[in-house]
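Close look at the chain arrangement
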Amino acid sequence: MKLFDVYPLFDITLVKAEGTNVWDNKGQKYLDLYGGHGVISVGHSHPKYVKAIQEQIEKIGFYSNSVQNPLQKQLAEKLGKVSGCGDYNLFLCNSGAEANENALKVASFKTGKGKVIAFNKAFHGRTSAAVAATQNPKIQAEINKGHEVTFLPLNDEKALESELKKGDVAAVIIEGIQGVGGLDEGTTEFFKAVEKLSKQHRAFLILDEIQSGYGRSGKFFAFQHHGIKPDIITTAKGMGNGFPIGGVLIHEDIEANYGMLGTTFGGNHLGMAAAISVLEIIEEEKLIDNAAQKEVEFKELFSQIKEIKQIKGRGLMLGVELEFPVAELRKKILFDHKILTGNAANPNLLRILPSLSITKEKLEFFVEAVKKSIAEIGK
Ligand SMILES: Cc1ncc(COP(=O)(O)O)c(C=O)c1O
């Protein structure tokens, strides 16, 4: 059997990883500034994380949600404490798209309505309601188009109000900071308006923190930069540091009932051990403070490069916008300087999503590589 060929891949085979570095099968070391789409939060193969998973698999790796699993309660408790969102209840699943799908479902169950408001350039995943709320027709099949979704410009309060006034909206879904779309974000004024208007028109506010959450923005969740309180928060990527886990944080005012949501794998013992250790490491190593500090250092280092138009994003969720498409530059940085970075819908943007434990030295190494590469390609 062959693989269903859906990914354009770099010809690199990774076999080992540690902290912010990965190695290929020829022994070549790379600096990882991308964390495999922003997944690596506490660092590759962190010893505490490895130990937690090893010890757990020796006891019990999996049982379904038909028996008590105290590790789930332990994770929920810890997540409430570390995130400052103790007044939410946690539903556990396996990926980002699944988290958003469930969040949208809760909003629809509870409001009895079906329409969703999302924003231009949004990315919320590839399951049916999530992909319908993703502004990219190329990844929507006919079967996904039955959903009612209105896309609005970010920061357009008037457009939001006139859409919500129609009274048929179940949910407004918005990324804390847009990831795939290219690091745009709502202003504090806009987030506050979204919160107020959603409440006023009985629509649930869903904050997609799948990429921007878990400390990446320099606060636990990116919406915390704006002093708002969503009805539902979705999380995934950094939550398991590579172990596939998703979570839906549902405000405690929203009541659960048996059978409303469900999953076979979500909340399994192995995943819980991974996720608990991630939160412990984030706390012990003060990784959220490090993300906030590295943003300042990164912006300072990159202010030296005149070809850079702007640095977008916050914490360690950053986009380096140049005056020209970055495809060639990104390849040069990868193959000549052995640094992994990401791209975005905006072709001029280099996306940076390293482990939250990255040091200034590694950022200095990166800035030198960018400088040299720009000079070499003659821009
Ligand atoms: C903001 C956001 N939401 C949802 C998703 C979907 O997550 P997953 O790929 O785990 O389904 C992503 C993935 O990139 C994302 O960035």
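A few points on the structure. Since this is a predicted model, take the numbers as computed values, not measurements.

Reading the values: rules and limits
Residues numbered from 1 in each chain as written. Predicted model: local features only at pLDDT ≥ 70, side-chain atom pairs only at ≥ 80, totals over all residues. Near = placed C-beta within 6 Å. Helix = DSSP H or I, 4+ residues; strand = E, 2+ residues; numbered from the N terminus. Nonpolar A, V, L, I, M, F, W, Y, C, P; charged D, E, K, R; others polar. Expected span 1.5 Å × (residues − 1). Buried ≥ 20, exposed ≤ 12 C-beta atoms within 10 Å, placed from the backbone. Arc of directions from axis to C-beta. Contact = placed C-beta atoms within 7 Å. Pairing = 2+ DSSP bridges. Axes fitted to C-alpha atoms, helices over the stretch in contact; angles between N-to-C directions. Core = buried A, V, L, I, M, F, W, Y, C linked by C-beta atoms within 7 Å. Parallel < 35°, antiparallel > 145°, perpendicular 65-115°, else oblique. Left-handed = near helix turned anticlockwise from the far one by under 90°.

We now examine the site of the ligand. Of all residues adjacent to the ligand, which total 15 residues, the nearest are Ser-95, Gly-96, Ala-97, Gly-125 and Ile-210. Per-element tally for the shell around the ligand: the top contributor is helix α4 (residues 96-111), with three residues. Per-class residue counts for the shell around the ligand are five nonpolar, eight polar and two charged.

Taking 1.5 Å of rise per residue, 13 residues should cover 18 Å, and helix α2 (residues 47-59) covers 19 Å from first to last C-alpha, within 8% of that figure. Considered for burial, the residues of α2 that qualify are Tyr-49, Ala-52 and Gln-56. The buried residues of α2 occupy an angular sector of 60° when projected down its axis, which confines them to one face. Exposed side of α2, more than 90 degrees from the buried face: Pro-47, Lys-51, Gln-54, Glu-55 and Glu-58 are the residues found there. Structurally, α2 contributes buried residues whose contacts are with α8 (269-284).

In a beta sheet, neighbouring strands are held together by backbone hydrogen bonds and run either parallel or antiparallel to one another. The strand order across the open sheet built from four strands is β11-β12-β15-β14, with neighbouring strands paired in antiparallel fashion. The open sheet terminates on both sides in strands that have one partner only, identified here as β11 (308-314) and β14 (342-343). Note that β11 and strand β12 (residues 317-322) share six bridges and pair antiparallel. Bridge assignment links Arg-314 to a residue of β12, and that residue is Met-317. Here helix α9 (residues 287-302) sits on the sheet in contact with β11 and β12, set at roughly 175° to β11.

Residue position: Met-317 is located in strand β12. Between the C-alpha atoms of Met-317 and Ala-291, which are 26 residues apart in sequence, the distance is 8.8 Å. If sequence neighbours within four positions are ignored, Met-317 has contacts with Ile-177, Gln-211, Ser-212, Arg-216, Ser-217 and Leu-353.

The subject of this paragraph is the nonpolar core. Counting 99 residues, the largest nonpolar core has Ala-171, Val-172, Ile-206 and Ile-232 as its most contacted members. In terms of residues, this core owes the most to one element, α8, which gives ten residues. Once you skip the residues sitting within four places of it in the chain, Val-172 turns out to touch Ile-117, Val-194, Ser-198, Ala-203, Leu-205 and Ile-206.

What the four strands build is an open sheet, ordered β1-β2-β3-β13; its pairing is mixed. Two strands in the sheet have a free side with no partner beyond their single neighbour: β1 (14-18) and β13 (339-340). The pairing of strand β3 (residues 29-32) with β13 spans two bridges and is parallel. In the sheet register, Asp-32 faces β13, and the bridge partner there is Leu-340.

Looking now at the packing of helix α6 (residues 157-164) against helix α7 (residues 188-200). Two numbers describe a pair of packed helices, the interaxial angle and the distance between the axes. Their axes nearest at 10 Å, the elements α6 and α7 cross at an angle of 10°. In terms of orientation, α6 lies roughly parallel with respect to α7. Together, Glu-157, Leu-160, Glu-161 and Leu-164 of α6 and Phe-190, Ala-193, Val-194 and Leu-197 of α7 make up the contact between the two elements. For the contact of α6 with α7, a count of residues per class yields six nonpolar, no polar and two charged.

Quick look at the pairing of β3 now. Of the pairings in the sheet, the one linking strand β2 (residues 21-24) to β3 comprises three bridges and is antiparallel in character. Within the sheet, the bridge partner assigned to Asn-21 lies in β3 and is Leu-31.

Turning our eyes to something else, we now look at the packing of helix α3 (residues 70-83) against α8. Two elements in contact, α3 and α8, have axes separated by 9 Å at closest approach and are oriented at 25°. One element, α3, and the other, α8, form an angle in the roughly parallel class. At the point where α3 passes α8, the crossing takes the left-handed sense. Side by side, α3 and α8 meet where Leu-71, Gln-72, Gln-74, Leu-75, Lys-78, Leu-79 and Val-82 of the first sit next to His-269, Met-272, Ala-273, Ala-275, Ile-276, Leu-279, Ile-282 and Glu-283 of the second.

The next point concerns the pairing of strand β10 (residues 246-251). Burial runs high along β10: five of the six residues are buried. Alignment of strand β4 (residues 88-93) against β10, held across six bridges, turns out to be antiparallel. The residue of β10 that forms the bridge with Leu-90 is Leu-249. Strand direction decides the pairing type here: strand β9 (residues 232-235) and β10, joined by four bridges, are antiparallel. Paired with Ile-233 across the two strands is Leu-249, which belongs to β10.

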